[in-house]
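# Architecture at a glance
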Amino acid sequence: MCWAATCSPSPHDEWLPRRRTVQHVFTKQHVREFGGHMAQAAQNSCDGWADGAVIDLDRQCRLLTLRALGRSVLGIDLDQRSDAIAGPLQVALSYSADRALRPVRAPRWLPTPARRRARRASRTLHRLAREILEECRRDPDRDAPLVRALMNATDPDTGKPLPDPAICDELIVFMLAGHDTTATTLTYALWQLGRHRVVQDRLRAEVAALGHPDPTPEDVPRLTYTVQVLHEALRLCPPGAVISRTAVRDIEIDGYRVEAGSVLGFGVWAVQRDPALWADPLQFDPDRFAPGRAKARDRWQYLPFGAGPRSCIGDHFAMLEATLALATIVGRCQIGSLGDDFPFTVPFTTVAGGPVPAMVVKR
Ligand code: HEM
C-alpha cells in the first residue's frame with residue numbers, strides 16, 4: 001500500500017488478491033458492526049479529560065484511533081501501547097518517504113543512522129504484528145476480523161494459506177494506513193471547531209436533537225452536519241496529500257508524453273485548495289458540502305480517499321469512526337482551540353507536526 005507520489009504502487013497482480021481477501025471486512029454494512037468499539041473509544045477519551053483541562057488534540061485523537069482500530073479489527077488494545085507504537089510507525093513512514101524522494105540513495109547495505117532507526121522501528125512493528133497473529137491463533141474466540149480474514153486467505157497461485165510474514169506485512173500496512181489518517185482528520189476537524197464557535201454549536205445542536213448522548217451507527221443518517229464538517233476538514237487537510245499511479249503504457253496528458261513505468265503524482269492538496277475550483281478556498285465552510293451542492297462539483301476536484309479500484313479500502317471505516325467520535329466529543333465537551341495555526345507536516349501522510357492545544361469544558 002502506498003499513496004504518496006514518492007513511492008511506486010505495488011503491481012496489479014500482487015495487489016488484487018490481497019485487496020479481495022480483506023475487502024469484505026471494510027464494506028459499509030460490515031463496518032457498522034464496529035460502531036460500538038468506535039463510540040466507546042470516543043467516550044473513554046472524553047471521560048479521561050478533566051473539566052477545564054488543556055489537552056493536545058493530536059495526541060488524544062491518536063489514542064482514540066489506535067483504540068478504535070485495535071479493538072475493531074485487530075482484537076488487541078493498541079492504545080495501551082500507544083507510546084511504543086506511534087514512534088516506530090512515524091519512523092518507518094518518514095524513512096520510506098525520505099528514501100524514495102532522494103535523487104541519490106545510499107546502498108541498502110550501508111548502516112546509516114536513519115537506516116538503523118528504520119530497521120529498529122520495523123522490527124518493533126513486526127514483533128507487534130506477530131504477537132497479534134499468535135494471540136488470535138491461541139484464542140479462536142478472539143474478535144479480530146481483519147486478522148481472521150488474512151489467516152483464512154489462500155495464495156491464488158498455490159492455493160496455500162498466506163505465510164505468516166505476509167500476514168504480518170498486511171497487518172502493519174493497516175496500522176500505518178488506518179491510524180495517522182483518521183487521527184489527523186479528527187484533530188484538524190476539532191481544531192477548526194475550536195476556532196469556529198458557531199459551527200461547533202450547530203454540530204452540538206444536531207447531536208442534542210438525537211435525544212441521547214451516545215451516538216451509534218443508526219444515528220449517522222441524522223448526523224448530516226457532522227459529516228459535512230468532516231468533509232470540509234478532509235478538503236483542507238487531506239491526509240493523503242498526493243496520490244500516485246504507475247503508467248503501465250505510454251500515454252499523453254495535456255500534451256505531455258508520459259512513458260510506461262513513470263510514477264505519476266496527483267496533487268490532492270493543491271486541487272482541493274485551488275481558487276479556480278473553490279470559492280474562498282482557505283475558508284473553513286462545511287456548508288460547501290450541504291446536501292444538493294455535490295452536483296455543482298466536478299467529480300475529480302474532491303478526492304480525500306483517492307479514486308478508482310485502488311481508492312482507500314478504509315473509507316467507510318474512517319468516516320463512521322470520525323463521525324461517531326466527533327459527535328460524541330462535541331456532544332459532551334466544548335472545545336476551545338488555543339493556537340491560530342495548524343502545524344502541518346508531511347513526513348508521509350499529512351499530520352500535525354507538533355502539539356495542537358485546546359481547552360476542554362465539560363457539558
Ligand atoms: C480519514 C481517514 C483516511 C484517509 C483520508 C485515507 C486516504 C487514503 C488514500 C488517499 C489512499 C490512496 C487512494 C488512491 O491511491 O486512490 C488510501 C489507501 C488505503 N487506505 Fe486509507 N485513508 C483513511 C483511513 C483508512 C483506514 C481507517 C484504513 C484501514 C483501517 C485505511 C486503509 C487503506 C489501505 C489498506 C489503502 C491501500 C488500498 C489499496 O491499495 O488497495 N485507510 N487511503
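Summary of the structure given here. From a predicted model like this one, the values you see are computed outputs, not experimental measurements.

## Here's the deal with the side chain of T184
- Following the sequence through the fold, T184 ends up in helix α8 (residues 164-193).
- For T184, a relative accessible area of 1% corresponds to the buried category.
- If we ignore the near neighbours within four places in the chain, the residues touching T184 are C237, T350, V351 and A352.

## Brief notes about the side chain of S337
- Among the secondary structure elements, S337 is positioned in strand β6 (residues 333-337).
- Assessed through its relative accessible area of 16%, S337 is described here as buried.
- Within the structure, S337 has its side chain in polar contact with the backbone oxygen of W191 (distance 2.7 Å).
- Excluding its chain neighbours within four sequence positions, the residues that come into contact with S337 are L190, W191, G194, R195, P357 and A358.

## Some points on the environment of R288
- As for its placement among the helices and strands, R288 is situated in the loop between α11 (268-272) and α12 (315-332).
- Along the sequence, R288 and D298 sit 10 residues apart, while their C-alpha atoms lie 13 Å from each other.
- If we skip the residues at most four places from it in the chain, R288 touches E232, R235, W278, A279, D280, P281, Q283, R293 and R297.
- A polar side-chain atom of R288 sits 2.8 Å from the main-chain carbonyl oxygen of D280.
- A distance of 2.8 Å separates a polar atom in the side chain of R288 from the backbone oxygen of Q283.

## Some thoughts on the environment of V360
- Considering the arrangement of structural elements, one finds V360 in strand β9 (residues 357-362).
- Non-local contacts of V360, meaning those with residues more than four positions away in its chain, are made with W49, A50, D51, G52, A53, I55, C333, Q334 and I335.

## Remarks on the pairing of β6
- The buried fraction of β6 is high, at 4 of 5 residues.
- Relative to β9, β6 is paired through 5 bridges, and the arrangement is antiparallel. Bridged to I335 within β9 is V360.

## Examining the pattern of salt bridges
- Summed over the entire model, instances satisfying the criterion amount to 15 salt bridges.
- For D77, the salt bridge is made with R71, and the minimal N-O distance between the two is 2.6 Å.
- Overall, the relative accessible area of 34% leaves D77 in the partly exposed class.
- Two residues, R257 and E259, come together in a salt bridge whose shortest N-O distance is 3.3 Å.
- Classification of R257 by relative accessible area gives exposed; the value is 64%.
- Residues joined by salt bridges that share partners form a network here, namely D47, D214 and R332.

## Some thoughts on the state of the cysteines
- Scanning all chains against the criterion turns up 0 disulfides.
- No disulfide involves C136; its sulfur sits 11 Å from that of C168, the nearest cysteine.
- In this model C333 remains outside any disulfide bridge; the closest cysteine sulfur is found in C46, 4.2 Å from its own.
- Take C333: its relative accessible area is 0%, and that puts it in the buried class.

## What to know about a nonpolar patch on the surface
- On the surface, V54, L338, M359 and V361 cluster together to form a nonpolar patch covering roughly 330 Å² of accessible area.
- Tracing the backbone shows V54 in strand β1 (residues 54-56).
- According to the relative accessible area criterion, V54 is exposed, its value standing at 52%.

The rules we used
- Each residue is numbered by its place in its chain's sequence as written, counting from 1.
- Where totals are concerned, whole chains, interfaces and linings use all residues; where local detail is concerned, this predicted model gives features only for residues with pLDDT of at least 70, and gives and counts side-chain atom pairs only at 80 or more.
- Working from all heavy atoms in the structure, the side-chain values ignore hydrogens and water.
- Strands are runs of DSSP state E lasting at least 2 residues, helices are runs of H or I lasting at least 4, and numbering of each runs from the N terminus.
- A simple rule labels every residue: compare its accessible area, found with a 1.4 Å probe on the protein chains alone, to the largest value its type can have, and call it buried under 20%, exposed over 50%, or partly exposed in between.
- In what follows, residue pairs with any heavy atoms lying within 4.5 Å of each other are defined as contacts.
- Think of a polar contact as two N or O atoms within 3.5 Å of one another; within protein, one of them needs to be a possible hydrogen donor and the other a possible acceptor, and neighboring residues in sequence only count if both atoms come from side chains.
- Here a strand pair is declared whenever DSSP counts at least two bridges between the two strands.
- Salt bridges are identified by distance alone: a Lys or Arg side-chain nitrogen within 4 Å of an Asp or Glu carboxyl oxygen.
- The term disulfide is used for any two cysteine sulfur atoms that are within 2.5 Å.
- Put simply, a patch holds well-exposed residues, over 30% relative accessible area, that have no salt bridge, with like charges counted together within 9 Å and Val, Leu, Ile, Met, Phe, Trp or Tyr side chains within 5 Å.
- Each accessible area value is a Shrake-Rupley result obtained with a 1.4 Å probe; residue values ignore everything except the protein chains displayed when judging cover.

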